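Fold and contact review
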Amino acid sequence: DQPPAMLGLFCDVNTLRRLPNVIFFRITRDSVKNAFKLGIEAGQILRWMKMNAHPRLRTGDQPLIPSNVEDQIILWDRERTRVQM
């Protein structure tokens, strides 16, 4: 049983851990920047993560993605477009 292919586009595939109904990957700056190089935007990554969050996350009052993770992906996206002199 393979993890969804989309995960390999923005996660470090060498960090795969699997439990019965959960897959864990590490999201790194390099893995997200590689996704950006493929034309994937931060909003697309965040939408995918929210759509595919574990069902138990949907029952609580916590966000589907921790705010620090969401903020960091957005910051990495902004790094691409900042002006350097």
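Residues numbered from 1 in each chain as written. Predicted model: local features only at pLDDT ≥ 70, side-chain atom pairs only at ≥ 80, totals over all residues. Heavy atoms only, no water.

Things to note about the layout of surface pockets
Condition: Think of a 1 Å grid over just the protein atoms. A cavity is a set of points where a 1.4 Å probe fits yet cannot get out, a pocket is an open set with protein on both sides within 12 Å along at least five of seven lines, and lining residues have an atom within 4 Å of a point. Grid points are joined across faces, edges and corners, and a volume is the space filled by probe spheres set on the points. Put simply, DSSP marks the helices as runs of H or I at least four residues long and the strands as runs of E at least two long, and each gets a number from the N terminus on. Amino acids outside the nonpolar list (Ala, Val, Leu, Ile, Met, Phe, Trp, Tyr, Cys, Pro) and the charged list (Asp, Glu, Lys, Arg) are all regarded as polar, and Gly is one of them.
Taken as a whole, the largest pocket encloses approximately 740 Å³ of empty space. Along its surface, the largest pocket is lined by 22 residues, and V22, I23, N52, A53 and H54 are the ones closest to its centre. Elements with a contribution of two residues or more to the lining of the largest pocket: α1 (5–10), β2 (22–26) and α3 (42–51). For the lining of the largest pocket, the leading source of residues is β2, giving five residues. Residues belonging to the lining of the largest pocket are distributed by class as follows: 18 nonpolar, three polar and one charged.

Side note on the pairing of strand β1 (residues 12–19)
Selection criterion: Any two strands with at least two DSSP-identified bridges between them are counted as paired.
In terms of strand pairing, β1 meets β2 through four bridges, oriented antiparallel. Counterpart to L19 in the pairing with β2 is V22.

Examining the packing of aromatic side chains
Two aromatic rings are characterised by how far apart their centres lie and by the angle between their planes. Here is the rule we go by: Two rings from Phe, Tyr or Trp (for Trp, the six-membered ring) form a pair when their centres are within 6.5 Å of each other. A pair whose planes differ by under 30 degrees is stacked, one over 60 is edge-to-face, and the rest are tilted. Think of it in three bands: residues with accessible area under 20% of the maximum for their type are buried, residues over 50% are exposed, and the middle band is partly exposed, with areas taken using a 1.4 Å probe on protein chains only. To sit over a ring, a charge needs its Lys NZ or Arg CZ within 6 Å of the ring centre and within 35 degrees of the ring normal.
Here the structure, examined in full by the defined rule, presents one aromatic pair. On the basis of an interplanar angle of 70° and a centroid distance of 5.8 Å, the ring pair of F10 and W48 is categorised as edge-to-face. Remark: W48 occurs in helix α3 and F10 occurs in helix α1; sequence separation between them is 38 residues. Each member of the pair, F10 as well as W48, is classed as buried. Its end group placed over the ring of F36, R80 keeps NZ or CZ at 4.5 Å from the ring centre.

Brief notes about the nonpolar core
We apply this condition: Definition used in this section: a nonpolar core is a set of buried Ala, Val, Leu, Ile, Met, Phe, Trp, Tyr and Cys residues joined via side-chain atoms within 4.5 Å. Two residues qualify as a contact provided that any one of their heavy atoms is within 4.5 Å of a heavy atom in the partner residue.
In terms of nonpolar packing, the biggest core is built from 16 residues, with L7, F10, V32, F36, I45, M49 and I73 touching the most fellow members. The dominant element in this core, judged by the number of residues it contributes, is α3, at five residues. Those residues within four positions of F10 in sequence are excluded, and the remaining contacts are I27, S31, V32, A35, I45, W48 and M49.

Thoughts on the packing of α3 against helix α4 (residues 67–81)
The criterion, for reference: In this description, a line fitted to the C-alpha atoms serves as the axis of each element, helices being fitted only across the stretch in contact, and the angle between N-to-C directions of two axes falls anywhere from 0 to 180 degrees. Any angle from 65 to 115 degrees is called roughly perpendicular, while one under 35 is roughly parallel, one over 145 is roughly antiparallel, and all others are oblique. Left-handed describes a crossing whose near helix is turned anticlockwise from the far helix through less than a right angle; right-handed describes the clockwise counterpart.
Between α3 and α4, whose axes approach to 9 Å, the crossing angle comes to 160°. Comparing the axis directions of α3 and α4 gives the class roughly antiparallel. Crossing of α3 over α4 shows right-handed handedness. For the pair α3 and α4, contact is made by A42, I45, L46, M49 and K50 and by V69, E70, I73, I74 and D77, respectively. In terms of residue class, the contact of α3 with α4 is made up of seven nonpolar, no polar and three charged.

So, α3
Filter applied, for reference: To be clear, the arc concerns the directions from the helix axis to the C-beta atoms.
Taken residue by residue, α3 has A42, I45, L46, W48 and M49 as its buried positions. Projection of α3 onto a plane perpendicular to its axis shows the buried side chains occupying an angular sector of 160°, all on one side. Seen from the buried face of α3, the exposed residues on the opposite side, beyond 90 degrees, are R47 and M51. Against α1, α2 (29–37) and α4 lie the buried residues of α3.

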